[in-house]
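Results of the structural survey
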Amino acid sequence: MDILLNNLMSGISEIAHLNVILCLLAGSTLGVVIGAIPGLGPAVAIAVLLPATFSMTPLAGLSLLLGIYCGAWYSGSIPAILINTPGTPVAVLSTYDGYPMARQGLAKRALGIAFTSSFIGGMLSVLVLILLAGVLAGFAKNFGAAEFTMLTLFGIMLVIISSRGKVLATSFMLGIGLFLSTVGLGGATGMPRYTFGTTALLNGIPLVPVVLGIFAIAQALILIESSLTGAATQDTAARKKDDPSIGNQDAGVNWQSIKAVFEYPRTLLRSAGFGVGIGVLPGVGEFLAQFMSYVTAKRASRSPETFGKGNPEGLIASETANNAVTGAALVPLLALGIPGEALTAMMMSVFMVHNVFPGPRLFEQSPELVNGIYVSMLLMNIFIFVLLLSLTRWCSLVTRINPKVLGVTILALAFVGAYSVNLSLVDVWLALGFGVFGYLARRLGLPVFPLILAMVLGPIIETRLRQSLTISDGSLWIFVERPISLAVVSIMALILIFIASSAIRRKCARKKDEAGIMKPL
Amino acid sequence: MVQIHSLRAVFTGFISLVACLLMFNSDKVVSLQSTETDLYRSPVFFPTLALAIIAVTGIALVIQAFKKVPFMLDMDCEDSSPKLFISASLLFLFLFYSLSSNWIGYLFSTLLFLMTAFFLSGIRSKVNIVLSALISLSLYAIFVWLLDIWFPKPWLASLLANSN
């Protein structure tokens, strides 16, 4: 307990600088606004602001990006509840019960429940981060190259498995990301690889232009296209007409709704448990957490038939779970130096620019930074909650911004964002190239998030793999000779066996069904 | 949907082909001056693994596309249909924007870019001019004054100064 309090005190002294506080407040506010705009999402905002954080202190830069990350997760529920369009993809399940509540004239109550559930999920996940990250980092001191190689591969395996129905496409994009990470001077020999004689590529393909191209430029084009198709504008216009809660005082918060959340303590704790438990695993993410939480809440409910028709329990389950992921997702990044998903992978570059390397040593070398991140996350959760309670009515206006204006502004921001990293137009052209790639990939149903994750994980896997094989003189036995590495390999094998057996069982059941149908004929 | 399957096959097939070409010509695109004989010490060891993943999964995706195996698009893409002419025009405009910033300076190139992009997107009234002016001035204030990002002196301005 004393250690915890000391950590918090040290974090408070770290955060008590004007620039850090300003970044925290600006990031959180921006995150709330961005989350409330359907189609934008935190990835675009983080991509655009990433270069600006490089000139800040690591804590200030991270506070800005974490503010956007957390803020967007909170406010994604505003359009989900008011106009049945999730602001961020993770708020999809919030539309199931949030929008019917708004249609019943309970918009205030729905918003209050969503914000309070998100706040509880967010705070619990930060507590787990504080308690777990240090312990895991202490344990990870015993890890060698073999353990890190296996853990990173485990993360990649989870990313592939969790992309149900897109396993091949995800592996394809992971492969591209891994390959892109090898371009430039590298390998044990330090020889140029795949630079084709250009000096601009000697330092490798920088992450920022890739992120800007794939997220900002591609998303801007899709936003503009959607507004020209008429889908977005017609949809919003129809709902504005249809929904009495938009733009009037009904969009404020009903204080009674805050109390209502505590009428479902089991759902609240169970959903937070799902969010935190699944959020800690690299690559699995908030979708699974939210889905499992919602399904379990429905099964455990006394009135499951009202789920999807405006049951507050459903809203609590989805909002608590998706916000409980935010803090937990930082555990593998801080403790092991392995980002679990694309957004935390982008944040890793803020550490790298300042020569700070996340992982077990971070807790010994820069404990003040780690404590600062903890306090920053606690404060931003409180700030976002208060902000949303007081300004919800105005946040709902953000959902009315014209997608064309947004799209064109994002393009202009992408230009200056890419240029500002190295003050070079080459980065802008790289961003443009990746913008074309990202646009085509998204239009053709190929997921782009794994590419970014693989670009960040690539150098870690390559270095650790080579170190392991050098130690073992090229023998792969090193991965099963060491107990921790063997444990990770066993878990991976068990998961694969489980997936294969359930796939075979499903196939057999389908064959039986088909045979059953055929018999009467 | 038939068209999208063919395009997906072409896209993944092309990348897969490039991966195969790079894989089998590694000695030509990577400087292999090392005397190391062990495979895992070679600078092409890890890239070859990555290229193999791209090649194999790419071919599998092509086969899937030919078999017309259904796939899911993300939410934004499902809600809208592609407008290739507009997107291509905006991408060319973006390229021209990056080049013109050297010629006429960041502020004016941003203003021109925004005005043209808004025009292409269908915002053609006075709102276009007002929005473009406001956004370009805001961006200039934030990035040039506040964040102190340096942009090259406009080539046209120095040319005019020299002629005077």
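If you're wondering where the values come from, they're calculated on a predicted model, not measured in any experiment.

Counting its regular elements, chain B contains 8 helices and 0 strands. Starting at the N terminus, the α and β elements of chain B follow one another as α-α-α-α-α-α-α-α. The C-alpha radius of gyration computed for chain B amounts to 24 Å, which surpasses the reference 15 Å derived for 164 residues by more than 25%, pointing to a less compact arrangement than a globule. Expressed as lengths along the three principal axes of its C-alpha atoms, the size of chain B is roughly 65 × 50 × 30 Å. Counting all 164 residues of chain B, 30% fall into the buried class.

Residue and element names in this part refer to chain A. Looking at the assigned domains, one finds that chain A contains domain 1 (2-481) and domain 2 (486-521). Distance from the C-alpha centre of domain 1 to the C-alpha centre of domain 2: 33 Å. In this assembly, 7 residues from domain 1 lie in contact with 6 residues from domain 2. Contributing elements (two or more residues each) for the side of domain 1 that touches domain 2: α8 (145-162) and α23 (478-481). No other element matches α8, which puts 5 residues into the side of domain 1 that touches domain 2. For the side of domain 1 that touches domain 2, the class distribution of residues is 7 nonpolar, no polar and no charged.

Taken domain by domain, chain B holds domain 1 (2-79) and domain 2 (84-158). Put simply, the middle of domain 1 of chain B and the middle of domain 2 of chain B, counted by C-alpha atoms, are 36 Å apart.

Glancing now at helix α3 (residues 41-53) of chain A. What sets the pattern is the α-helix's 3.6 residues per turn: residues three or four places apart point alike. All names here are of chain A. Under the 1.5 Å per step criterion, the end-to-end length of α3 is 19 Å for 13 residues, consistent within 8% with the ideal 18 Å. Roughly 30° is the biggest bend found in α3, and it falls at Ala47, with proline Pro51 one to four residues downstream. Across the 13 residues that make up α3, a large majority, 12, are buried. Among the residues of α3, those classed as buried are Gly41, Pro42, Ala43, Val44, Ala45, Ile46, Ala47, Val48, Leu50, Pro51, Ala52 and Thr53.

Let's shift gears to the interface of chain A and chain B. Taken together, the 60 residues of chain A in the interface contact 61 residues of chain B. Looking at the side of chain A that touches chain B, the elements that each hand over two or more residues are α9 (167-180), β2 (191-193), α10 (207-229), α11 (231-242), α20 (403-422), α21 (425-443) and α22 (449-471) of chain A. Each residue belonging to the side of chain A that touches chain B can be placed in one class, and the counts come to 37 nonpolar, 16 polar and 7 charged.

A few words on the environment of B:Ser138. Residue and element names in this part refer to chain B. Among the structural elements, Ser138 can be located in helix α7 (residues 126-146). Exposure remark for Ser138: the 13 C-beta atoms within 10 Å place this residue in the partly exposed category. Distance from Ser138 to Ile123, taken between C-alpha atoms, is 19 Å for residues 15 residues apart in sequence.

Okay, the nonpolar core next. Note that soluble globular proteins tend to have their nonpolar side chains buried in a common cluster. In this structure, A:Ala47, A:Val211, A:Leu212, A:Ala216, A:Leu411, A:Ala414 and A:Ile452 are the most contacted members of the largest nonpolar core, which totals 210 residues. Apart from residues lying up to four places away in sequence, A:Ala216 is in contact with A:Val44, A:Ala47, A:Val48, A:Ile410, A:Leu413 and A:Ala414.

So, about the UniProt feature "transmembrane region" (unreviewed entry) in chain B. All names here are of chain B. The positions that UniProt labels "transmembrane region" (unreviewed entry) are, in the present scheme, residues 7-24, 44-63, 84-100, 106-123 and 130-151. With 100% helix and 0% strand, the stretch residues 7-24 has end C-alpha atoms that lie 26 Å from each other. Helix makes up 95% of residues 44-63 and strand makes up 0%, while its end C-alpha atoms are separated by 28 Å.

The rules behind the values
- Residues numbered from 1 in each chain as written.
- Chains lettered and ligands numbered in written order.
- Predicted model: local features only at pLDDT ≥ 70, side-chain atom pairs only at ≥ 80, totals over all residues.
- Helix = DSSP H or I, 4+ residues; strand = E, 2+ residues; numbered from the N terminus.
- Rg over C-alpha atoms; globule rule 2.2 N^0.38 Å.
- Buried ≥ 20, exposed ≤ 12 C-beta atoms within 10 Å, placed from the backbone.
- Domains from an automatic or database assignment.
- Contact = placed C-beta atoms within 7 Å.
- Nonpolar A, V, L, I, M, F, W, Y, C, P; charged D, E, K, R; others polar.
- Expected span 1.5 Å × (residues − 1).
- Bend = angle between axes of the 7 residues up to and from the residue.
- Core = buried A, V, L, I, M, F, W, Y, C linked by C-beta atoms within 7 Å.
- UniProt positions renumbered as here; feature names shortened; annotations may be inferred.

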